[in-house]
Amino acid sequence: MGRWRDIKQSSVKKEINNSLTQKIDDSLLSAPIGLRIKAFVVDMFMIMMPIMYVTTYLILEGKDDFQGSQEARWITATVFGLIVIFFWVIKGQTPGSKAYSIKLIDNSTKKNISIFKAILRYFLFLFSATTIILSFLPFFRKDKKTIQDILTKTTVITEK
């Protein structure tokens, strides 16, 4: 009986190793969701908060004006988007991504994404954030990709 278990376990391990090797060859492995969320929080504090502070207290006359102004919110989201797009295209990383050693790459070239893909990815991010349901998509997928990763054919990888 012991021998049969050993043989069976050994064949199962070989199958697992073969399937993992095949997965690595077929597609890139996504960075863990936890690192991606942490990187996003860092980006919000390092990029978005200064933009919101300047908009709220230097351009407008306080938080009440900011809360009452749809234009101010759209402007801050646009400026944040432009900065993030710039980082994705030039470096492949935002400051938060750099802090957690993750990088955004194009699936086909394995390099930084194009400006078109970066713009499309940001708009898809805004759409998924507003629909909430799409924000939970990576928790239900084995490859842990978001809707913006799937549609723009990009992957957030862990840097070596």
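Residues numbered from 1 in each chain as written. Predicted model: local features only at pLDDT ≥ 70, side-chain atom pairs only at ≥ 80, totals over all residues. Heavy atoms only, no water.

**Student:** Looking at this structure, I do not really get the overall build of the protein. What am I missing?
**Tutor:** Regarding its fold elements, the protein presents 8 helices and 2 strands. In the protein, the succession of helices and strands from N to C terminus is α-α-α-α-α-β-α-α-α-β. Each of the 160 residues in the protein was classed as buried or not, and the buried ones make up 31%. In the protein, of all internal contacts separated by at least 6 residues, the share reaching a separation of at least 24 is 65%. (Helix = DSSP H or I, 4+ residues; strand = E, 2+ residues; numbered from the N terminus. Buried < 20%, exposed > 50% of the residue type's maximum accessible area, 1.4 Å probe, protein only. Contact = heavy atoms within 4.5 Å.)

**Student:** Teacher, can you tell me more about the side chain of Thr146 here?
**Tutor:** Within the secondary structure, Thr146 is located in the loop between α7 (137–140) and α8 (147–152). Setting aside its immediate chain neighbours within four residues, Thr146 contacts Arg36, Arg121, Leu137 and Pro138.

**Student:** Just to check I follow, could you spell out a nonpolar patch on the surface for this structure?
**Tutor:** On the surface, Ile37, Phe40, Val41, Phe45, Met49, Ile132, Phe136, Phe139 and Phe140 cluster together into a nonpolar patch covering about 950 Å² of accessible area. Among the elements of the structure, α2 (33–59) and α7 are those that each provide at least two residues to the nonpolar patch. No other element matches α2, which puts 5 residues into the nonpolar patch. Examined against the element boundaries, Val41 turns out to sit in helix α2. Taking relative accessible area as the criterion, Val41 reaches 38% and is therefore assigned partly exposed. (Patch = residues over 30% accessible without salt bridge, like charges linked within 9 Å, V, L, I, M, F, W, Y side chains within 5 Å. Areas by Shrake-Rupley, 256 points an atom, 1.4 Å probe, with all protein chains shown as cover. Salt bridge = Lys/Arg side-chain N within 4 Å of Asp/Glu carboxyl O.)

**Student:** Looking at this model, I keep getting lost on the confidence of the model for the protein. Mind explaining?
**Tutor:** Parts of the model with low pLDDT should not have their predicted coordinates read in detail. On average, residues of the protein carry a pLDDT of 86, and 83% of them reach 70 or more. For the stretch residues 21–26, pLDDT sits under 50, and the model shows 1 contact to residues farther than four places along the chain or on other chains. (pLDDT = per-residue confidence, 0-100.)

**Student:** How should I be thinking about the layout of surface pockets in this particular structure?
**Tutor:** Summary: where empty space remains is shown by rolling a probe the size of a single water molecule over the atoms. In this structure, the largest pocket occupies an estimated 660 Å³ of space. Of all the elements in the fold, those that place two or more residues in the lining of the largest pocket are α2, α4 (70–90), β1 (102–106), α6 (115–131) and α7. Ranked by the residues each element gives to the lining of the largest pocket, the list is headed by α2, at 6 residues. When grouped by side-chain class, the residues that make up the lining of the largest pocket number 16 nonpolar, 7 polar and 4 charged. Estimated volume of the second largest pocket: approximately 220 Å³. Forming the walls of the second largest pocket are Phe40, Met44, Met48, Trp74, Ala77, Phe80, Tyr122, Phe125, Leu126, Phe127, Ala129 and Thr130. When residues of the lining of the second largest pocket are traced back to their parent elements, those giving at least two are α2, α4 and α6. It is α6 that provides the largest number of residues to the lining of the second largest pocket, a total of 6 residues. Residue composition of the lining of the second largest pocket, grouped by class: 11 nonpolar, 1 polar and no charged. (1 Å grid on protein atoms, 1.4 Å probe; cavity = no way out; pocket = protein on both sides within 12 Å on 5 of 7 lines; lining within 4 Å. Points joined across faces, edges and corners; volume = space filled by probe spheres on them. Nonpolar A, V, L, I, M, F, W, Y, C, P; charged D, E, K, R; others polar.)

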